[in-house]
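Residue strings, one per chain:
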Amino acid sequence: MEFSLNGEKVLVNAAEASTMTLNEFIRFKTRFKGTKLSCAQGGCGACTVVVQTKEDGKVATKTVPSCLMPLTSASNASIITVEGLKKSACGTGCGGNPIQERMTAFHGTQCGFCTPGMVMQMWGGLKQNKADGGSNMTEKEMEDLDLMVGNLCRCTGYRPIADTLKSFAKDTTVMFPDVKKGPFDEKSSDPGYPAFLEDSKSQAESKHWSRPKSLGDMIAAWGADVKVISGHTGWGVYPDLCALRTLDSAPNVLQIDAVPELKKIERKGDRLIIGASVTLAMLAEALKENPGSVGLAVREHVLLIAGHQVRNLGSVGGNLMMVRNKGFASDLATILAAAGGMVTYMDSSKTEQTKGLLDFLSYDKKEKVLVLSVSIDLGAEQKGSCMISLRAAIRPRNAYSLINAAIKYKIEDGKISEAAILYGAVGPHPIPAVWLGKALVGVKVGNVEKTVLDNLESLKEVYDQMNDDHHKEYRTRVAQAFALRFGKALDGSPTKSLHAKFSRSTKTVQRWDKPKADLESLAPVFEPHPKTTALAQTTGDAKFTDDEHHPMGTIHAAYITIPTAASTFSGLDITKATEALGPDLVKVLQASDLKKPKIEWSKNVRYPSPKGHEDTEEFLNEYVFLPPGEKSLYGTQPVGLVLATSQRLAQIAVSLIELKDLKQVGEVFIEPAKAPQPAGYTPYVFTRGSGDKALKMFDQKISGHQEIKGSFRKTAQANFYIEPQSCLAIPDEEGGMELTLASQGAVYPRQVISQHLEIPMNKMVINIRRLGGGFGGKITRCIPFALVACLAAKELERPVRFVLPREVDMAIGSGRQEIDSTFKAMVQSKTGKIKSLVFDVDFAQGSHLDYGSVHLSFMSQTIDMVYHIPNAHITVRLKQTHDGPSTAVRAPSHLEAVMMIETVMDTIAGVLGMTPEKVREANFHPHCKLLATQGLKGGMLPDAKVEGNTLIPLWNKLIKDSKFIERKRKVDEFNAASTTLKRGISICPARYGMFRIGGHAARIDVLTDGTLQISTNAVEMGQGIHTKIGQVALGVLNKMLNVKIPLESVKFTKQNTHVLAHGNGTGGSTTSEQACFAVEEAAFQMVQKLKGTVKLAKKMSAEKGKVEVDWLDIVAAGFKGKTPLFVADLCTYGFFRPSIKDLMYETYGASVSEVEVDILTGETKTLFSHVMFDCAPCLNPAVDLGQIEGAYVMGMGQYLLERRNHCQKTGKLLSTNTWTYKPPTIADIPETFIVDIVDLRSKASHNGWGWVNGLLTRIVNGLGLMPTTKDGEPSFKSSKATGEPPVLFSYSVLGAVRHAITAGGRQSAADISMPIPCTPEEVTKLTWKGAASVKDLVEAKVDAKEKPAAYEPGKLSESLSLGEHLVDLFGYLIMYGWPVGIAAVVAYFLYTYMTN
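First, a word on what this report is: a plain description of the structure on this page.

**Some words on the packing of aromatic side chains**
Tallied over the entire structure, the rule returns 21 aromatic pairs. Ring geometry for phenylalanine 823 versus phenylalanine 839: centroids 5.3 Å apart, planes at 45 degrees, classification tilted. Of this pair, phenylalanine 823 sits in strand β34 (residues 818-828) while phenylalanine 839 sits in strand β35 (residues 834-844), placing them 16 residues apart in sequence. Each member of the pair, phenylalanine 823 as well as phenylalanine 839, carries the same accessibility label: buried. Summarising the aromatic geometry, the rings of phenylalanine 924 and tryptophan 955 are spaced 5.0 Å apart at their centres and angled 85 degrees between planes, so their arrangement reads as edge-to-face. Of this pair, phenylalanine 924 sits in the loop between α31 (916-923) and β37 (933-934) while tryptophan 955 sits in helix α32 (residues 951-961), placing them 31 residues apart in sequence. Assigned by exposure class, phenylalanine 924 and tryptophan 955 land together as buried. Taking the ring centre of tyrosine 363 as reference, the NZ or CZ of lysine 355 above it sits at 4.8 Å.

Shown next as structure tokens:
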């Protein structure tokens, strides 16, 4: 078969083509590595490519998920990858396509792994929708296209991606400094359709694979033993539907997508005939020409299915066959059946038959059938029929329906003359609500809603046919809600639904306080430069771990895992795998093949424990492979490793290997409260105040105070990095090993793996180029699988590639801890001020400790956040649950601390009838309290110092700038007028303590052409760490040498342990600044080396007639050899060692959020979020904005969408992929998203700790007790970490949902316990509380608690107190002596009062 790839002719043997997807061919058989593989389901968009074909003389363009598309489908087509766009725009070595250039300029890429898919979807989607570079579309029209919902991004928060797309609109309003906006010239950037394809008639035909081009040939090829496919998207949901013929024993395949008769859509009389191979996108496009009610309802519902890429590939016939054969939760089947759907098909005798769609889906499923076409009745529109459809899902876009419904009806003479209602995605096929439909016939318009409410019991016929699973209760509620909405619609009221149509008007604002003018000399520091590799990421040039060249003979690995927890097996039976694969199955590694059966974390990774607790080796160390006879600790625990000649063969071998005598031998514990503590562990206790005072307060009556109780529970959130865990192990000389690894650091992997390989550490080389996201999941959890890859490579003496499939990655990688807790607080009744707080917590860590003790310590010690709680007592039980080891996830433990304390604040407000804002203000830390501390004792952290606290000025500013008071008033007005849609608003503050542990290194090499090469042990994973390091290095050189070196002159090497052997990993958000301090020292040393050459450079320049000396002149002089410098000596090294005063600091931020909640279906929409973060001046404000937005949206995911679900009986993880686990999409971000980066240092409170730390630093440094890095540019240390703190601010979204739910009236604010995540299903448990039916929600009057008084901002003073000035005076006196001290304080005193 023949096709084009980026304009190049490609010839592939058809038999070979039938064994692989388009993605596999591109990634394994070509040089183009820009197209990624992440989910292998079509759910993330990372693999998106553009397919162009010539149809009726015109070039048709569509975007497709290359991970699902068989290579055979590329026959005679032009395939364009992200590299092809760059090539078409400018050949090679230039900026790239306008989409790529603008994505770079708008900072739309962070880690960059998803970026090629984003670029291709944006370019192909605009072209497919005839946008002509944007000149034919407005911003609103672009948003309505819903183009990007099929693409997931974990880093950016989507805002810059949305802005990039909208920037091409003819009426764009997008704002960003110095960025080109408006439509682009599409023709100049179009690769064009290759001429050699004009007459191409190649066939994707082989002995076992048929792709006929006529109906007759198709019928002749079809038989009972043939597997039929069209778009081949079904195996993204059901892996057994994969038709790729990797083994000769696989069934023959009939691919029907090239049969012209099956791709037709034609109108015949009243009916629209839709060929079986018509894609969902083709159907939606065709229905544009049928604007009647039925056609419009079908079209709008089809556009809610999956993402663009899947709709471009998935077929109508294939969708219906999945319903028939698998009970698929289909939207399409419901809407087509409601539209009078009829199916024409071939039966097993090859006789053409026609049945009603519902009959077809349910009759004799054992009979082999072949769908030819589906037809719907559009003529009913001319006869007065109308149709409406609804759906509910955990996520509004790119998610399967939890329930959908449609009603087709006719109104004659003011009465309902026909009504047919269908419910779908609730059973094996759509279910008609026959009796409810009959009850509506004859009812007058205006009485339909009442009739629905009076006949709700008739829906029992639907409930009885629903799947009996954990969604049934939710589906029962929503079935009633949909019936009510249908009734309202027939009465003439709009069927308003939050997400029925993508009608959003996203408005974004990004602002930052600019640094003072005296810092301009440090340029490019503090400037919003795009990331240094951003353009390379948009063009596909940036390489990730699995993009590295695989040497000839590379072996591919795949885990063999035990499916259930608390289970044993006696061994592996590899007979079937060996027979099927033959020599392609190279080896199977098992526990018996290993010298060291366990990874001894206790000897390699520093696991500090809270005081009084020692972690046990049994809970710390984990098996490399679970040995036979040992009880599994979680489902999908590895028991062995398959090594085969290809990735697909390795995975097939895994499916054929059987675990002998597999049986469950114990009880499975998933819920924290029910799980046991690990052997040898006792509860951890953290306290604030004196002794047991916090507990004793509850045993006595305190005047004016009352006890308030509540509970808190959250499920786990996965890291969900888009790049899977990946590595390539290559045996090196002298028995060494070279490992290319996707890891957040090289030190721990090097230690662990060298020990197991029994080689010296200097023979273990680790390379890390960049990560496609980490979020904590690639600190320790990358080590076990990298270890087995190295063991296999050593055993075979061949390279071994190991990339974890998404399902395995998520199952063994785990995520955040689950928490179950109760609390009680003794509070002042009038103010809500907390006097004592007691928490009792069950903390689920999973199978092994990882950093569990660290995380529970951080959570407990920071639980007071921004509040002054004089007495606290936190008891935490570490629980061993049947799950993979929980690990670090963005803002580990701090996010949990915010959830817990803010739940307390909201509960107090509810019980006391106060506004949450007033309760929060009552508990804020006082502005100045001499040597005040915060945090609890009993853990690993020292007391946090309340120094430099800017919370109160930030809080006041956010309330004012967000117009919080006005917004809250409008929310109340909306709620008073709306019955089933309620709004909520909340404001939430947070602090995040930072700890600079040190140990980061940087090396600068200046080359003869003036370019710089920088090496660092900090890993670039989307946070812009390389860009900031480059800016700081050049800032120092430019200022001190009075030159202007462009940032483009800097190149970063990939991390290599032979270049930089020591240093800490990357995480905790402070790595960027610590690496910058290291490179600052290296740059300072470079300045010292080059200062001596400036005079020579001036002389050399003068000889050339140049007046001014530039960087190249200085470098040339440095290499000329006429100075004391040696030629090769322009290399310097910096290492960051923090001083006492630089060890810790606090960050402060807050956000306001407004949401809208459908109390009937539980769906939530975030209307507004305003985030304010005191972290300026930023080393790179644009990079930090992206970090803030991405962290905030990730937090929203935990609160609203993301949860790891397990089977409670087997322990098997059920949410292992993009089908079952739903992080936010571009449709989930706030409609109005404002981010302010502010600099409030001048308004920070002081209480003496700053001077104490400064004095201690001088003493320690003076005595030489603690070697530290020399103090550099002070302004660099004014910049604060931004990667993790903003996750905390997103609690305001949950607080707003809480407000909206209680506004519904059925759930009291006094006793509400908010589930996390607050999915639609969980919301309805609260909004339907006490309701027997939807009738109770709309008719019954519920006695709600008295409404809290309107919020009035407290008089929170920002002025510095006399005490603070005295503290400053004392500090200046100590540090600088009387004259300087008094003068400084007087000047500072006058400045402060003038500015305040």
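**Examining the sheet that holds strand β18 (residues 507-512)**
Pairing is mixed across the open sheet formed by 5 strands, whose spatial order is β18-β47-β46-β45-β39. On the outer flanks of this sheet lie β18 and β39 (981-995), each paired with one strand and no other. Direction aside, the axes of adjacent strands within the sheet are offset by 10 degrees on average. Together, β39, β45 (1144-1158) and β46 (1164-1174) form the strand contacts of helix α33 (residues 964-977), whose direction differs from that of β39 by roughly 145 degrees.

**Details of unusual backbone geometry**
Cis rather than trans, the peptide bond between alanine 1176 and proline 1177 has omega equal to 0 degrees. Following the sequence through the fold, proline 1177 ends up in the loop between β46 and α38 (1181-1200). In this structure, the amide linkage connecting isoleucine 1316 to the following residue, proline 1317, adopts the cis form with an omega of 10 degrees. Positionally, proline 1317 belongs in the loop between β48 (1315-1316) and α42 (1320-1327). One non-glycine residue, asparagine 6, lies in the positive phi region at around 55 degrees. Turning to its location among the elements, asparagine 6 is positioned in the loop between β1 (2-5) and β2 (8-11). Overall, asparagine 6 belongs to the buried group, its relative accessible area being 7%. At lysine 130, a position not held by glycine, the phi torsion is positive, near 55 degrees.

**As for the environment of leucine 643**
For leucine 643, the position within the fold is in strand β25 (residues 637-644). Considering only alpha carbons, one finds leucine 643 and lysine 611, 32 residues apart in sequence, at a separation of 45 Å. Not counting residues within four places of it along the chain, the set of residues in contact with leucine 643 comprises Ile555, His556, Ala557, Asp584, Leu585, Val586, Lys587, Leu589, Ala792, Leu796 and Val800.

**Examining the state of the cysteines**
Covalently bonding the sulfur atom of one cysteine to the sulfur atom of another cysteine gives a disulfide. As enumerated under the stated definition, the model contains 0 disulfides in all. Left without a disulfide partner, cysteine 1076 is nearest to the cysteine sulfur of cysteine 1178, which lies 12 Å away. With no disulfide partner, cysteine 1178 has as its closest neighbouring cysteine sulfur the one in cysteine 1175, 4.0 Å distant.

**Structural notes on the pairing of strand β11 (residues 342-346)**
Extensive coverage of β11 is indicated by the burial of 4 of its 5 residues. Of the pairings in the sheet, the one linking β11 to strand β12 (residues 352-356) comprises 5 bridges and is antiparallel in character. Paired with tyrosine 345 across the bridge in β12 is glutamine 353. A loop of 5 residues connects β11 with β12, the two strands running antiparallel in sequence, and lysine 350 in this loop sits at a positive phi of about 65 degrees.

**Looking at the side chain of arginine 27**
Mapped onto the fold, arginine 27 is located in helix α2 (residues 22-29). Residue classification places arginine 27 among the buried residues on the basis of a relative accessible area of 7%. Residue contacts for arginine 27: discarding those within four places in its chain leaves Phe32, Lys33, Thr35, Lys36, Leu37, Asp546 and Asp547.

**Quick notes on α33**
Compared with an ideal rise of 1.5 Å per residue, which puts 14 residues at 20 Å, α33 spans 20 Å between its outermost C-alpha atoms and is within 8% of the ideal. Of all the positions in α33, only Phe964, Lys968, Val971, Phe974 and Asn975 are classed as buried. Viewed along the axis of α33, the buried residues span an arc of 120 degrees, placing them on a single side of the element. Away from its buried face by more than 90 degrees, α33 exposes Ala976 and Ala977. For α33, the secondary structure elements touched by its buried residues are α31, α32, β39, β45 and α41 (1291-1303).

**Description of the packing of helix α36 (residues 1094-1103) against helix α37 (residues 1111-1120)**
Contact geometry for α36 and α37: axes closest at 8 Å, N-to-C directions at 110 degrees. Comparing the axis directions of α36 and α37 gives the class roughly perpendicular. Of α37, the residues touching α36 (which contributes Val1094, Leu1096, Ala1097, Met1100 and Ser1101) are Asp1113, Ile1114, Ala1116, Ala1117 and Lys1120. Looking at the contact of α36 with α37 residue by residue, the class counts come to 7 nonpolar, 1 polar and 2 charged.

**Digging into the pattern of salt bridges**
In a structure, side chains of opposite charge can pair up when their charged atoms sit close to one another. Counted under the stated rule, the structure contains 75 salt bridges. Close ionic contact of glutamate 548 with arginine 769 constitutes a salt bridge, the shortest N to O distance being 3.1 Å. Here glutamate 548 is found in the loop between α20 (534-539) and β19 (555-562), whereas its partner arginine 769 is found in the loop between β32 (764-768) and α27 (783-796), with 221 residues between them in sequence. Looking at glutamate 548, the relative accessible area reads 15%, which means it is buried. Taking the relative accessible area as the measure of exposure, arginine 769 reaches 30% and is therefore partly exposed.

**Focus on helix α7 (residues 159-166)**
Counting buried positions along α7 yields 8 of 8 residues, so the element is predominantly enclosed. Those residues of α7 that sit buried are Arg159, Pro160, Ile161, Ala162, Asp163, Thr164, Leu165 and Lys166. Residues of α7 that are buried sit in contact with α4 (98-105), α5 (115-128), α6 (139-144), β18, α38 and β47 (1232-1238).

Criteria and thresholds
Residues numbered from 1 in each chain as written. Predicted model: local features only at pLDDT ≥ 70, side-chain atom pairs only at ≥ 80, totals over all residues. Heavy atoms only, no water. Phe/Tyr/Trp six-rings, centres within 6.5 Å; stacked < 30°, edge-to-face > 60°. Helix = DSSP H or I, 4+ residues; strand = E, 2+ residues; numbered from the N terminus. Buried < 20%, exposed > 50% of the residue type's maximum accessible area, 1.4 Å probe, protein only. Lys NZ or Arg CZ within 6 Å of the ring centre and 35° of its normal. Pairing = 2+ DSSP bridges. Axes fitted to C-alpha atoms, helices over the stretch in contact; angles between N-to-C directions. Contact = heavy atoms within 4.5 Å. Disulfide = S-S within 2.5 Å. Expected span 1.5 Å × (residues − 1). Arc of directions from axis to C-beta. Parallel < 35°, antiparallel > 145°, perpendicular 65-115°, else oblique. Nonpolar A, V, L, I, M, F, W, Y, C, P; charged D, E, K, R; others polar. Salt bridge = Lys/Arg side-chain N within 4 Å of Asp/Glu carboxyl O.

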